[in-house]
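Here are the chains, one letter per residue:
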Amino acid sequence: MTTNRLEAFSDGVLAIIITIMVLELKAPVDTDLNSLLAKTPVFISYIFSFIYVGIYWNNHHHLFQITEKVNGKILWANLHLLIWLSLIPFTTAWIGENYTNLLPVMAYGVVLLFCAIAYFILQAIIIKFHDDQFALRQVIGSDRKGKISMALYLLGIASAFIFPWVALIFYGIVAIMWLVPDRRIETKV
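So, a few notes on the structure that sits alongside this text. (Residues numbered from 1 in each chain as written. Predicted model: local features only at pLDDT ≥ 70, side-chain atom pairs only at ≥ 80, totals over all residues. Heavy atoms only, no water.)

### Describing the packing of helix H1 (residues 4-23) against helix H5 (residues 88-97)
Stage number 1. One way to put it is that H1 packs onto H5 with a least axis distance of 9 Å and a crossing angle of 20°. As summarised for this structure, H1 and H5 are arranged roughly parallel, according to the angle between their axes. Handedness of the crossing formed by H1 with H5: right-handed. Counted together, Ile17, Ile20 and Met21 of H1 and Ile88, Pro89 and Thr92 of H5 form the full contact between these two elements.
Stage number 2. Looking at the contact of H1 with H5 residue by residue, the classes come out as 5 nonpolar, 1 polar and no charged. (Axes fitted to C-alpha atoms, helices over the stretch in contact; angles between N-to-C directions. Helix = DSSP H or I, 4+ residues; strand = E, 2+ residues; numbered from the N terminus. Parallel < 35°, antiparallel > 145°, perpendicular 65-115°, else oblique. Left-handed = near helix turned anticlockwise from the far one by under 90°. Contact = heavy atoms within 4.5 Å. Nonpolar A, V, L, I, M, F, W, Y, C, P; charged D, E, K, R; others polar.)

### Topic: the packing of aromatic side chains
Stage number 1. Going through the model one piece at a time under the given rule, you end up with 10 aromatic pairs.
Stage number 2. Each ring, one from Phe48 and one from Tyr52, has its centre 5.5 Å from the other, and the planes form 75°; the classification is edge-to-face. On the criterion of helical spacing, the pair formed by Phe48 and Tyr52 is a turn pair, its members being 4 residues apart in helix H3 (residues 40-66).
Stage number 3. Look at Phe48 and you get partly exposed, because its relative accessible area is 24%.
Stage number 4. In this structure Tyr52 comes out as buried when scored by relative accessible area, which is 2%.
Stage number 5. An angle of 65° between the planes, with centres 6.0 Å apart, marks the rings of Tyr56 and Tyr119 as edge-to-face. One end of the pair, Tyr56, is in helix H3; the other, Tyr119, is in helix H6 (residues 102-129), and 63 residues separate them in sequence. Exposure class is identical for Tyr56 and Tyr119. Each is buried.
Stage number 6. A connected cluster of aromatic rings, assembled from ring pairs, spans Phe48, Tyr52, Tyr108, Tyr153 and Tyr171.
Stage number 7. Above the plane of the ring of Phe129 lies Lys69, whose end atom (NZ or CZ) is 5.0 Å from the centre.
Stage number 8. A cation over a ring is seen here: Lys145 above Trp178, with NZ or CZ 4.3 Å from the ring centre. (Phe/Tyr/Trp six-rings, centres within 6.5 Å; stacked < 30°, edge-to-face > 60°. Buried < 20%, exposed > 50% of the residue type's maximum accessible area, 1.4 Å probe, protein only. Lys NZ or Arg CZ within 6 Å of the ring centre and 35° of its normal.)

### With respect to the packing of H1 against helix H4 (residues 72-85)
Stage number 1. Two numbers describe how H1 lies on H4: the axes approach to 11 Å, and their chain directions differ by 5°. For the element pair H1 / H4, the angle class is roughly parallel. Here Leu6, Phe9, Ser10, Val13, Leu14 and Ile17 of H1 lie close against H4, whose contacting residues are Ile74, Leu75, Asn78, Leu79, Leu82 and Leu85.
Stage number 2. Its residues assigned to classes, the contact of H1 with H4 comprises 10 nonpolar, 2 polar and no charged.

### Examining unusual backbone geometry
Stage number 1. Despite not being glycine, Asp143 has its phi angle at roughly 55°, a positive value.
Stage number 2. In this structure Asp143 comes out as buried when scored by relative accessible area, which is 9%.

This is the structure in structure tokens:
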């Protein structure tokens, strides 16, 4: 099978995820500046999550530009990624209103961690399905960046028990690491 339907479906789900997140942004009831400023944490959580979804969309696009074919395992692994990504709007809304509390900050990190694990699994299944000369196999190598990301998420989740704001810093570091897609894939396409 080719990747066309998988990519189209994934793009649609990601567009819906972003739409759900923006619909969670509620305008302040009052019309003064203080009411608007009170919404700052909610807006920041939206921007942060939008960037995360954008990172996944961008890297997913690059991943499937290099992928030559798909099978049922790849389709299910992709759905596994999408289910975790679809939880981002829920944790975004929760952390936006409660960014200093343990459970929302931890839940946000757990969802981000499971998104990363799902992407790692998807990538591994794609590599396994292709031959030894498959370009992605050479490009990814040991996937140090992916493993470091998961370790940073775990550190963030653990630090949320003591200082939730430190967890947010760990989550932000991972986002910064992934803002630029892997250039090694771009050179192989």
